[in-house]
Amino acid sequence: MAKLSYEEARDELVGVVRRLESGAETLEGSLALWERGEALARRCETWLAGAQAKLDARLPADG
């Protein structure tokens with residue numbers, strides 16, 4: 001998971017959501033997908049927070 005780029009994690013997350021929305025999975029499969037989706041969402045959030053921190057560091061402070 002830690003090696004996934006933002007785009008890879010986002011694209012996989014989209015696939016997970018599609019599979020969950022299809023309703024074709026068993027309950028056990030749905031739970032596994034949900035857990036994977038949660039992990040992927042956290043990965044995306046980590047990437048975005050890092051990008052935001054880099055932007056904030058480069059922008060001049062107000063005042």
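In what follows, the accompanying structure is described. This is a predicted model, so every value here is computed, not measured.

A word on the overall build of the protein chain
At step 1: Each helix and strand counted, the protein chain has 2 helices and 0 strands in total.
At step 2: What you see for the protein chain is a C-alpha radius of gyration of 16 Å, clearly larger than the 11 Å of a compact globule of 63 residues, by over 25%.
At step 3: Taking the principal axes of the C-alpha coordinates as reference, the protein chain spans close to 55 × 25 × 15 Å.
At step 4: Contacts spanning at least 24 positions in sequence make up 70% of the contacts within the protein chain whose residues lie at least 6 apart.
At step 5: Here the protein chain has roughly 5,100 Å² of accessible surface; of this, 57% comes from carbon and sulfur atoms.
At step 6: Each charge class in the protein chain was averaged separately, 9 positive and 12 negative side chains, and the resulting centres sit 7 Å apart.

Brief notes about the nonpolar core
At step 1: Counting 6 residues, the largest nonpolar core consists of Leu4, Ala9, Val16, Leu33, Leu40 and Cys44.
At step 2: The element that contributes the greatest number of residues to this core is helix α2 (residues 27–58), accounting for 3 residues.
At step 3: Other than its neighbours up to four places away in sequence, valine 16 contacts Leu33, Arg36, Gly37 and Leu40.

Details of the pattern of salt bridges
Side-chain pairs of opposite charge can arise where the charged atoms are in close proximity.
At step 1: Per the counting criterion, the structure on display carries 3 salt bridges.
At step 2: A salt bridge links glutamate 12 to arginine 36; its shortest N-O distance comes to 2.7 Å. One end of the pair, glutamate 12, is in helix α1 (residues 6–22); the other, arginine 36, is in helix α2, and 24 residues separate them in sequence.
At step 3: Classification of glutamate 12 as partly exposed rests on a relative accessible area of 29%.

Quick look at α1
Each turn of an α-helix holds 3.6 residues, which means side chains three or four residues apart point in the same direction.
At step 1: Under the 1.5 Å per step criterion, the end-to-end length of α1 is 24 Å for 17 residues, consistent within 8% with the ideal 24 Å.
At step 2: In the stretch just after α1, glycine 23 is the one whose phi turns positive, near 75°.

A closer look at the side chain of arginine 43
At step 1: Relative to the elements of secondary structure, arginine 43 occurs in helix α2.
At step 2: Salt bridges are absent for the buried arginine 43, whose nearest opposite-charge side chain, glutamate 8, sits at 7.6 Å.
At step 3: Of the polar contacts made by the side chain of arginine 43, one reaches the backbone oxygen of alanine 2; its length is 2.7 Å.
At step 4: Those residues in contact with arginine 43 that sit more than four places away from it in its chain are Met1, Ala2, Leu4 and Ala9.

Definitions and cut-offs
Residues numbered from 1 in each chain as written. Predicted model: local features only at pLDDT ≥ 70, side-chain atom pairs only at ≥ 80, totals over all residues. Heavy atoms only, no water. Helix = DSSP H or I, 4+ residues; strand = E, 2+ residues; numbered from the N terminus. Rg over C-alpha atoms; globule rule 2.2 N^0.38 Å. Contact = heavy atoms within 4.5 Å. Areas by Shrake-Rupley, 256 points an atom, 1.4 Å probe, with all protein chains shown as cover. Lys, Arg positive; Asp, Glu negative; His and termini not counted. Charge placed at Lys NZ, Arg CZ, Asp CG, Glu CD. Core = buried A, V, L, I, M, F, W, Y, C linked by side-chain atoms within 4.5 Å. Buried < 20%, exposed > 50% of the residue type's maximum accessible area, 1.4 Å probe, protein only. Salt bridge = Lys/Arg side-chain N within 4 Å of Asp/Glu carboxyl O. Expected span 1.5 Å × (residues − 1). Polar contact = N/O pair within 3.5 Å; in protein donor to acceptor, adjacent residues only side chain to side chain.

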